[in-house]
Amino acid sequence: RRAARAGEARPGVAEAAARIREFQGRQLQARALRLPQASVNNFVFRQGPVIPSFDGEGFAVPPYRYNVGIFVQQVLFDWGQRKNREQGARRETVAAELRRDEVLNDVRLVVSIAYLNVLRAQELQKVAEERKAAATEQLRVARANFEQALVPRFDVIRAEAELANAEQGIIEAETDVAQAKAALNNALGR
């Protein structure tokens, strides 16, 4: 369980969460279109030539002219376009949330499988070690019986071959454990 949660920090999950935030922003934008829209315009014009006034104070034609405008607009009726945009944005947000859940489930599945593969490989390593212990005991018994002339030399050779196979199995099992742990680390994004 802890391993599955650790995989949630993977880049695909973060990307899906970012997409949700994006669509939530679009939803907020669509909702904002219902409100009155206000804007301010400001223009400064340089004009010339500058002409002084006849009384000596100020200018008949000043060097700069200023123009400021404030605009407010409100859409009263748009044949349902705003409502449709809002519904579309809401549906995109829900779809993004579902895609994020899908990515999370995929990550959890991959991490869980990798974790179970580590456990399986460790158990198979224990089996290989038990097989080696059994082969070692079988070799000890075969040698003891051969020294007492109860069995032919072939039984000792066969027990030695079985022990060598068991040692090979341990090496393979250790490799499998290391590979399973590497796959788990990869699935966790480490």
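Just above, that's the structure.
Conventions we followed
- Numbering of residues starts from 1 in every chain and runs along the sequence as written.
- Residues qualify for local features only when their pLDDT is at least 70, as the model is predicted, and side-chain atom pairs are given and counted only at 80 or more; totals for whole chains, interfaces and linings, by contrast, use all residues.
- Computation of side-chain values: all heavy atoms of the structure, hydrogens and water removed.
- The helix count covers DSSP runs of H or I at least four residues long, the strand count covers runs of E at least two residues long, and both are numbered beginning at the N terminus.
- The length a helix should cover is 1.5 Å for every residue beyond the first.
- Think of it in three bands: residues with accessible area under 20% of the maximum for their type are buried, residues over 50% are exposed, and the middle band is partly exposed, with areas taken using a 1.4 Å probe on protein chains only.
- Here the term patch refers to residues with relative accessible area over 30% and no salt bridge, with like charges joined within 9 Å and nonpolar side chains (Val, Leu, Ile, Met, Phe, Trp, Tyr) within 5 Å.
- Method for areas: the Shrake-Rupley scheme with a 1.4 Å probe, in which residue coverage is limited to the protein chains shown.
- Salt bridges are counted wherever a side-chain nitrogen of Lys or Arg sits within 4 Å of a carboxyl oxygen of Asp or Glu.
- Whether two residues are in contact is decided by their heavy atoms, any of which lying within 4.5 Å being enough.
- Only buried Ala, Val, Leu, Ile, Met, Phe, Trp, Tyr and Cys residues count toward a nonpolar core, and they belong to the same one when joined by side-chain atoms within 4.5 Å.
- Two rings from Phe, Tyr or Trp (for Trp, the six-membered ring) form a pair when their centres are within 6.5 Å of each other. A pair whose planes differ by under 30 degrees is stacked, one over 60 is edge-to-face, and the rest are tilted.

K.L.:
Talk me through helix α4 (residues 153-188); I want residue IDs and the actual numbers.
P.N.:
Structurally, the α-helix is built with 3.6 residues per turn, so residues lying three or four positions apart point the same way. Its 36 residues give α4 an end-to-end C-alpha distance of 53 Å, which sits within 8% of 52 Å, the value for a rise of 1.5 Å per residue. All of the buried residues along α4 are V156, A159, L163, A166, G169, I170, A173, V177, A180, L184, A187 and L188.

K.L.:
Kindly report on a nonpolar patch on the surface, identifying the contributing residues and their values.
P.N.:
Taken together, V40, V68, I70 and V72 make up a surface patch of nonpolar side chains, about 440 Å² in accessible area. When residues in the nonpolar patch are grouped by element, the largest group, 3 residues, is from strand β4 (residues 64-73).

K.L.:
Can you lay out the environment of I20 for me, pointing to particular residues and giving the numbers?
P.N.:
Along the chain, I20 turns up in helix α2 (residues 11-32). Separated by 80 residues in the primary sequence, I20 and R100 have C-alpha atoms spaced 8.0 Å apart. If near-sequence neighbours (up to four positions away) are discounted, I20 is found in contact with A96, E97 and R100.

K.L.:
How would you explain the pattern of salt bridges if you had to name every residue and give the values?
P.N.:
Tallied over the full model, the rule gives 8 salt bridges. In this structure, R19 engages E22 in a salt bridge whose closest nitrogen and oxygen atoms are separated by 3.1 Å. You can see R19 and its partner E22 sitting in helix α2, 3 residues apart, about one turn around the helix. Here E22 falls in the partly exposed class, since its relative accessible area comes to 30%. The partner of R158 in a salt bridge is D155, and the shortest N-O contact between them spans 2.8 Å. You can see R158 and its partner D155 sitting in helix α4, 3 residues apart, about one turn around the helix. Judged by its relative accessible area of 47%, R158 is partly exposed. Among the charged side chains, a network of salt bridges with common partners joins R19, E22 and R26.

K.L.:
Go over the nonpolar core with me, naming the residues and quoting the values.
P.N.:
Membership of the largest hydrophobic core is limited to 12 residues, which are V13, L104, V107, V111, A114, V118, A121, V177, A180, L184, A187 and L188. The contacts of A114, once residues within four sequence positions are left out, are A180, A183, L184 and A187.

K.L.:
An account of helix α3 (residues 81-147) is requested, with residue identities and associated values reported.
P.N.:
Helix length check: α3, at 67 residues, gives a terminal C-alpha distance of 98 Å against a target of 99 Å (1.5 Å per residue), a fit within 8%. After α3 finishes, the residue A149 shows a positive phi value of roughly 65°.

K.L.:
Could you give an account of the packing of aromatic side chains, with specific residues and numbers?
P.N.:
With the rule as written, the count across this model stands at 2 aromatic pairs. Each ring, one from F43 and one from F45, has its centre 6.2 Å from the other, and the planes form 20°; the classification is stacked. Assessed through its relative accessible area of 43%, F43 is described here as partly exposed. The exposure class assigned to F45 is partly exposed, which follows from its relative accessible area of 34%.

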